[in-house]
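Architecture and fold: a report
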Amino acid sequence: MRTLCSSTLIGEALLIMFAGLVAMQLSDVPTATVWTVSGIAMALCVLLCGMIGRPGAVPVGWALQIGLIASGFVLPTMFGLGAVFAGLWWCSVHYGRKIDEIKAARAAAAPAPAV
């Protein structure tokens, strides 16, 4: 789960950086505001990568996805891109947990090493 979720979050951080560049040109929001909000969101993505597997990380990830979709009010393309990343986040969490369960079952079924 850690690998899938971290990959999604790093991709999302890159998307936020590029969206910030576009938002500066296309929206009436001041440049300082765009970079402050984008910087906080990118930092949250990177910090969340290190928190995957800890309690509360998945809900914080969902809050980030909702925030990304809500940024569509400033830059309308973010509605679609936010929805795509919310779908990727769901897949990462869902399939990551399944893979972790399979690995744990295999480890439990493996014979103990001889000493």
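Below you will find a few notes about this structure. (Residues numbered from 1 in each chain as written. Predicted model: local features only at pLDDT ≥ 70, side-chain atom pairs only at ≥ 80, totals over all residues. Heavy atoms only, no water.)

**Looking at the overall build of the chain**
- Of the regular secondary structure elements, the chain holds four helices and zero strands.
- Each helix and strand of the chain, ordered N terminal to C terminal, gives the series α-α-α-α.
- If one aligns the C-alpha atoms of the chain with their principal axes, the spans along those axes are about 65 × 25 × 20 Å.
- Put simply, the chain has 115 residues, and 32% of those count as buried.
- Put simply, 67% of the contacts in the chain that link residues at least 6 apart link residues at least 24 apart. (Helix = DSSP H or I, 4+ residues; strand = E, 2+ residues; numbered from the N terminus. Buried < 20%, exposed > 50% of the residue type's maximum accessible area, 1.4 Å probe, protein only. Contact = heavy atoms within 4.5 Å.)

**Quick look at helix α1 (residues 2-26)**
- If you check α1, its first and last C-alpha atoms are 35 Å apart, about what 25 residues at 1.5 Å a residue would give, namely 36 Å.
- Those residues of α1 lying buried are C5, S6, T8, L9, E12, A13, L15, I16, A19, G20 and A23.
- Buried residues along α1 sit against α2 (31-51), α3 (57-70) and α4 (77-109). (Expected span 1.5 Å × (residues − 1).)

**Quick look at a nonpolar patch on the surface**
- On the surface, a cluster of nonpolar side chains totalling about 450 Å² of accessible area is made up of I10, L14, F18, L21 and V46.
- The element contributing the most residues to the nonpolar patch is α1, with four residues.
- Relative to the assigned elements, L14 resides in helix α1.
- Under the relative-accessibility criterion, L14 is labelled partly exposed at 44%. (Patch = residues over 30% accessible without salt bridge, like charges linked within 9 Å, V, L, I, M, F, W, Y side chains within 5 Å. Areas by Shrake-Rupley, 256 points an atom, 1.4 Å probe, with all protein chains shown as cover. Salt bridge = Lys/Arg side-chain N within 4 Å of Asp/Glu carboxyl O.)

**A short note on the state of the cysteines**
- Under the defined criterion, the tally for this structure stands at zero disulfides.
- Free of any disulfide, C5 has its nearest neighbouring cysteine sulfur in C49, separated by 8.9 Å.
- According to the relative accessible area criterion, C5 is buried, its value standing at 0%.
- A disulfide-free cysteine, C49 has its sulfur positioned 7.2 Å from the sulfur of C45, the nearest such atom. (Disulfide = S-S within 2.5 Å.)

**Topic: the packing of α1 against α4**
- Interhelical geometry of α1 versus α4 gives an angle of 165 degrees and a closest axis separation of 8 Å. By the criterion of interaxial angle, the relationship of α1 to α4 is roughly antiparallel. When you trace α1 past α4, the crossing you get is left-handed. Two secondary-structure elements touch here, α1 through L4, C5, T8, L9, G11, E12, L15 and A19 and α4 through M78, L81, F85, L88, W89, S92, V93, Y95, G96 and I99.
- Its residues assigned to classes, the contact of α1 with α4 comprises 13 nonpolar, four polar and one charged. (Axes fitted to C-alpha atoms, helices over the stretch in contact; angles between N-to-C directions. Parallel < 35°, antiparallel > 145°, perpendicular 65-115°, else oblique. Left-handed = near helix turned anticlockwise from the far one by under 90°. Nonpolar A, V, L, I, M, F, W, Y, C, P; charged D, E, K, R; others polar.)

**Points about the packing of aromatic side chains**
- Within the structure shown, the criterion is met by two aromatic pairs.
- Ring geometry for F73 versus F79: centroids 5.1 Å apart, planes at 85 degrees, classification edge-to-face.
- Arranged with centres 6.1 Å apart and planes meeting at 80 degrees, the rings of W90 and Y95 form a pair that is edge-to-face. (Phe/Tyr/Trp six-rings, centres within 6.5 Å; stacked < 30°, edge-to-face > 60°.)

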